[in-house]
Amino acid sequence: MTTSAELGLPALTVAPGGVATTTLTVRNDLDIVEAYTLEVVGDCAAWTTVEPARVSLYPGTSETVTVRLAPPRSPAARAGEFPLGIRILPTERPELVTVPETTVTVTPFHELQAALAPRRRRGWLRGRYRTSVRNLGNTPGTVVLTPGQAGEELRFRATPERLRLEPGESGELRLQARARKLIWFGKPASWPFEVTVGPEQAATGKGANGEASAAAGTGAPDAKGAGDGRDAKDGKGPGSTGGSASTEAPAPLQRPLLDGEFIQLPIFPKWLLALLAALLALLLAWFALVRPAVRSSAKQAAEQAVAQQSATPAASAAAPGGAPSAASGGNPGNPGGQGKPGGGQPSTGGRAVGPGLAEPGTGRQSSATIDVQTASGASSTGNYQVPHGKVFDITDIVVANFQGDQGLLTITAGKQTITTIALETFRNQDYHWVTPIQVPEDQAVTATVTCESPGTPASGKQAETCHELLNISGALSDIKQGN
């Protein structure tokens, strides 16, 4: 005498989020009325129920109850095969407990949750993003990223290339978007793109069970799992002894699609180009207009100063007979009138300025060289002194600025200023007089140089000092003694 029980199906297949049912027949083979408590045991107990959970049977009678399996669509319902047992506990004869068993197959499903951060990046060449992925499916899987862009302006690289996640586990992949070429000028360019997050099997065209599946790329359920569900539903599974079961097909595989954007900035923005253009215009205006005007004004100021200095001694040294001076009438031998050489020198017809007259017939051609070297920012003087008892009639002066120095040169004869001239306005300058400039005995011809900047001679190396040469030519005569 015992209690017997039998499940309607020896094996069941159920999809997470779906429902599968089977039957359990309990028979009382005792000679007493017995009440039975039905309790689910095993890994499937959390989501399996028996309706009703308690039955009472007369001797020799039986009753069929419904076993309902409803695994949740979550990582808690792991995919695989699990044993399911129904413990039947008699109230009067508990020692006659029995546990019929069956095998439940939970089909796998894939579900991913993903987010891209930040959604927008700015840069000259590349942007970096983070992709957070969580496996909400019930089976381990390898996740890959599949970026895409409408054009071919961007290239992508994921690190790591694939990420394996257990059910319920989260992970992160880094994505880099790199432009194919730089934007040198112009406006920023916007490159939108999409990132598909999915399991590696779906990306390679394989089903969840590793079998080729035409529907894997579109997220269709596994064909094998679906077939098992149909067998269970029809009650025609292998080893079936009766009862019924039902399954619901799992939802299609969803692969998250993330939107991103890379804004590529130009190397040189518009405001920088406008600034460079303005600076170039100012530079051209300086060299074309301002600098020549400044130099011309400085030259005119120097010439006016020389003219004023020359006019004062010319007025005091005028001859009693009212002979015209070189400052008022001009000197036909002055080339271009530069510096007014000989200005203020009276035309005396051979008479010396100081005491004593030149003795006729004693004049001899003579020349002297004055060499002046001046440090930058300083002034120095060179001179030639007329010997005692002599009169020097100057007819020619040649000035050489062979280095191209910059500064100021002043030439004086005795107490008279012959000329003041800017060095940068010439390399070689010569002066000639029809009426000689007479320098009395013991007086000197002086060259004073103020050096602003040494020039560069023919050697190509800038000189350390200013260097000017003056060659003075004329007639050196004896002074006539007596009245």
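Residues numbered from 1 in each chain as written. Predicted model: local features only at pLDDT ≥ 70, side-chain atom pairs only at ≥ 80, totals over all residues. Heavy atoms only, no water.

Q: Hey, could you run me through the overall build of the chain in this one?
A: For the chain, the count of helices and strands is four helices and 27 strands. Here the chain, with 483 residues, has 39% of them falling under the buried criterion. If you take every contact in the chain between residues at least 6 apart in sequence, the share linking residues at least 24 apart comes to 74%. On the chain, roughly 25500 Å² of surface is accessible, and the fraction owed to carbon and sulfur atoms is 53%. (Helix = DSSP H or I, 4+ residues; strand = E, 2+ residues; numbered from the N terminus. Buried < 20%, exposed > 50% of the residue type's maximum accessible area, 1.4 Å probe, protein only. Contact = heavy atoms within 4.5 Å. Areas by Shrake-Rupley, 256 points an atom, 1.4 Å probe, with all protein chains shown as cover.)

Q: Just to check I follow, could you spell out a positive patch on the surface for this structure?
A: A cluster of basic side chains, namely R121, R126, R128, R130 and R157, defines a positive patch on the protein surface. Among the elements that line the positive patch, the one with the most residues is strand β12 (residues 126-135), at three residues. Tracing the sequence through the fold places R157 in strand β14 (residues 154-159). (Patch = residues over 30% accessible without salt bridge, like charges linked within 9 Å, V, L, I, M, F, W, Y side chains within 5 Å. Salt bridge = Lys/Arg side-chain N within 4 Å of Asp/Glu carboxyl O. Lys, Arg positive; Asp, Glu negative; His and termini not counted. Charge placed at Lys NZ, Arg CZ, Asp CG, Glu CD.)

Q: Which parts of the structure should I look at to understand the packing of aromatic side chains?
A: Geometry of an aromatic ring pair is reported as the spacing of the ring centres plus the angle between the planes. Summed over the entire model, instances satisfying the criterion amount to six aromatic pairs. Judged by centre distance (5.4 Å) and plane angle (75°), the ring pair of Y129 and F193 falls under edge-to-face. Of this pair, Y129 sits in strand β12 while F193 is found in strand β17 (residues 189-199), placing the two residues 64 residues apart along the sequence. Comparing Y129 with F193 shows no difference in burial state: the two are buried. Here Y431 and W433 contribute two aromatic rings whose centre-to-centre distance is 6.3 Å and whose plane-to-plane angle is 25°, an arrangement assigned as stacked. An aromatic cluster is built from Y129, F156 and F193, whose rings are joined through pairwise contacts. (Phe/Tyr/Trp six-rings, centres within 6.5 Å; stacked < 30°, edge-to-face > 60°.)

Q: Explanation requested: the environment of G363 in the structure shown.
A: Along the chain, G363 falls in the loop between β19 (357-358) and β20 (364-375). When its relative accessible area of 43% is taken as the criterion, G363 is described as partly exposed. C-alpha separation for the pair G363 and I479, spaced 116 residues apart in sequence, amounts to 9.9 Å. Apart from the residues within four sequence positions on either side, G363 is in contact with L476 and S477.

Q: What should I look at first to understand unusual backbone geometry in this one?
A: Negative phi characterises most residues that are not glycine, and trans characterises most peptide bonds. Of note, the bond from E51 into P52 is cis; its omega dihedral lies within 30 degrees of zero at -10°. Note that P52 resides in the loop between β5 (48-51) and β6 (54-57). Cis peptide bonds are those with omega within 30 degrees of zero, and the linkage from A117 to P118 qualifies with -15°. Along the chain, P118 falls in the loop between β10 (112-117) and β11 (120-123). With phi around 65°, D442 is a residue other than glycine that occupies positive phi space.

Q: Quick question: what am I supposed to make of a nonpolar patch on the surface here?
A: A surface patch of nonpolar side chains, amounting to about 1100 Å² of accessible area, comprises W124, L182, W184, F185, W271, L273, L275, L276, L279 and L282. Note on placement: L182 falls in the loop between β16 (170-179) and β17. The partly exposed category is assigned to L182, whose relative accessible area is 34%.

Q: Sorry, what's going on with the environment of T66 here?
A: Structurally, the position occupied by T66 is in strand β7 (residues 62-69). A sequence separation of 43 residues divides T66 from T23, and the C-alpha atoms of the two residues are 4.7 Å apart. Leaving out residues up to four positions away in the same chain, T66 has contacts with T21, T22, T49, V50 and E51.

Q: Help me out: how do you make sense of the sheet that holds β10 in this one?
A: Backbone-to-backbone hydrogen bonds join strands into a sheet, with any given pair of strands oriented parallel or antiparallel. Spatial ordering of the open sheet is given by β10-β12-β16-β14, a layout of four strands whose pairing is antiparallel. Unpaired on one side and paired on the other, β10 and β14 mark the two borders of the sheet. Direction aside, the axes of adjacent strands within the sheet are offset by 25° on average. Direction of pairing for β14 relative to β16: antiparallel, over a ladder of six bridges. Paired with A158 across the two strands is L175, which belongs to β16. (Pairing = 2+ DSSP bridges. Axes fitted to C-alpha atoms, helices over the stretch in contact; angles between N-to-C directions.)

Q: Would you explain the confidence of the model for the chain in this entry?
A: For any part of a model where pLDDT is low, the fine detail of the predicted coordinates should not be relied upon. Summing up the model confidence of the chain, the mean pLDDT is 79 and the portion of residues at 70 or higher is 78%. Within the model, pLDDT remains below 50 along residues 202-250, and this stretch shows 76 contacts once partners closer than five positions in the same chain are excluded. Note on residues 314-355: pLDDT under 50 across the span, and 62 contacts to partners over four residues away in sequence or across chains. (pLDDT = per-residue confidence, 0-100.)

Q: Hey, could you run me through the pairing of β16 in this one?
A: In regular strands, side chains alternate between the two faces of the sheet. One ladder, built from nine bridges, connects β12 with β16; its direction is antiparallel. If you follow V133 over to β16, its bridge partner there is G171.

Q: Where do I start with the sheet that holds strand β4 (residues 34-42) in this structure?
A: Strand order across the open sheet formed by five strands is β2-β9-β8-β4-β6, with mixed pairing between neighbours. Taken across any chain shown, the strands that pair with only one partner, and hence form the sheet edges, are β2 (11-14) and β6. Averaged over all neighbouring strand pairs, the angle between strand axes comes to 30°, with direction disregarded. Inspection of the sheet shows β2 paired to strand β9 (residues 101-106) by four bridges, in the parallel sense. Bridging across to β9, T13 finds its partner in T105.

Q: Would you mind going over empty space enclosed by the protein with me for this structure?
A: The probe, sized like a water molecule, is rolled over the atoms to show the empty space still left. Taken as a whole, this structure holds four cavities of 30 Å³ or more when the rule is applied. The residue inventory of the lining of the second largest cavity, partitioned by class, reads four nonpolar, four polar and one charged. (1 Å grid on protein atoms, 1.4 Å probe; cavity = no way out; pocket = protein on both sides within 12 Å on 5 of 7 lines; lining within 4 Å. Points joined across faces, edges and corners; volume = space filled by probe spheres on them. Nonpolar A, V, L, I, M, F, W, Y, C, P; charged D, E, K, R; others polar.)

Q: What exactly am I supposed to notice about the pattern of salt bridges here?
A: Once the charged atoms of two side chains with opposite charge are near each other, the side chains can pair. Enumeration according to the criterion identifies eight salt bridges in this entry. A salt bridge links R120 to E261; its shortest N-O distance comes to 2.9 Å. With R120 in strand β11 and E261 in strand β18 (residues 257-264), the pair connects residues that are 141 residues apart, well separated along the chain. A salt bridge links R162 to E161; its shortest N-O distance comes to 3.9 Å.

Q: Looking at this structure, how should I read the environment of A302?
A: Relative to the helices and strands, A302 is located in helix α3 (residues 270-316). Here A302 falls in the partly exposed class, since its relative accessible area comes to 24%.

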